Amino acid sequence: MTDRILAFDGVENFRDFGDYPTASGARLAKGLLLRSAHHYRATDADLERFEALDVAVIVDLRRKSERVQQPNRLPEGFRGRIFENHDETQGEAPHVTFLRTTDLTEHSVRGFMIETYQGLAFEDRHIDLFSNYFRSLADCDGPVLIHCAAGKDRTGLLAALTHRLLGVHPDDVMADYLLTNQAARLDERTPGITEVIAKTYGRTPSQSAVRAFLGVEPEFLDAAFDAIEARHGSLDSYLETDLGVDAKLRGQIADRLLQ
């Protein structure tokens, strides 16, 4: 699994989420499905590494306010398509509101994360971006990169949806999702983030609360899929009804990504 992590200096959680076996006996192509956190702190060396990947499409899952605060740094003259959602007023991101207004206990963090995941699949901007992403998988020529701020929640759900669509085994779906905890250097970054939260919000959360906030847990992803099935009856119904991934588009995606 660690071979999937791509070494970047200023971009966290950059990895390949292809190259998994599927129920059909085929395998996801390697090098075409990429995921990461934002690229605001990309170094010059990172720009060279990124250019070498020859990315054709970037799907930026962040809110407008997040993009304005931390604009991506990309190679000069980048010619790939970039999908962003612009139908949003500038406002405080929910995780910032949570950090500012709650007790920051481990229990409250987990409750916030589960509640967040229960709604991720249904937010209008996510439906727009997820739909564009799946269409891009079918028709673009080259790798597709999906990312949000930390590359773990919005990005993690979209990667998992891709895996489920293409028949990746549930154990591999979850293992790829949980790899964030290593790829994002959770153990290394927790003390520093704890200090930043304490200085910014005037309260010092426990290390376990910060780990729950920075990392991912099986219950979070399960909450998203449970909510999808509760609302639509099945994942296939959600993909077709909300995202427009019908049988024809499924076939086109499989033709391009399965080997």
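Quick note: structure is the one above.
Quick caveat: nothing in here was measured; it's all calculated off a predicted structure.

1. Some thoughts on the pairing of strand β3 (residues 57-60)
Covered by surrounding structure in β3 are Val57 and Val59 together with Ile58 and Asp60, the residues of both alternating faces. Where β3 and strand β4 (residues 81-83) come together, three bridges link them in parallel fashion. By the bridge assignment for β4, Val59 is matched with Phe83. Regarding the hand of the β-α-β motif, the stretch spanning β3, helix α2 (residues 64-69) and β4 is right-handed. As defined by bridge partners, β3 adjoins strand β5 (residues 144-147) across four bridges and the pair is classed as parallel. Following the sheet pairing, Val59 is matched in β5 by Ile146.

2. A short note on the packing of helix α6 (residues 154-166) against helix α11 (residues 218-232)
One can describe the packing of α6 onto α11 by two numbers: an axis separation of 11 Å at closest approach and a directional angle of 60 degrees. Classified by the angle between their axes, α6 and α11 sit oblique to one another. In this structure, α6 meets α11 at a crossing whose hand is right-handed. Where α6 approaches α11, its residues Leu157, Ala160, Leu161 and Arg164 are matched on the opposing element by Leu221, Ala224, Phe225, Ile228 and Glu229.

Rules behind the numbers
Residues numbered from 1 in each chain as written. Predicted model: local features only at pLDDT ≥ 70, side-chain atom pairs only at ≥ 80, totals over all residues. Heavy atoms only, no water. Buried < 20%, exposed > 50% of the residue type's maximum accessible area, 1.4 Å probe, protein only. Helix = DSSP H or I, 4+ residues; strand = E, 2+ residues; numbered from the N terminus. Pairing = 2+ DSSP bridges. Right-handed = clockwise from strand over helix to strand, strands pointing away. Axes fitted to C-alpha atoms, helices over the stretch in contact; angles between N-to-C directions. Parallel < 35°, antiparallel > 145°, perpendicular 65-115°, else oblique. Left-handed = near helix turned anticlockwise from the far one by under 90°. Contact = heavy atoms within 4.5 Å.

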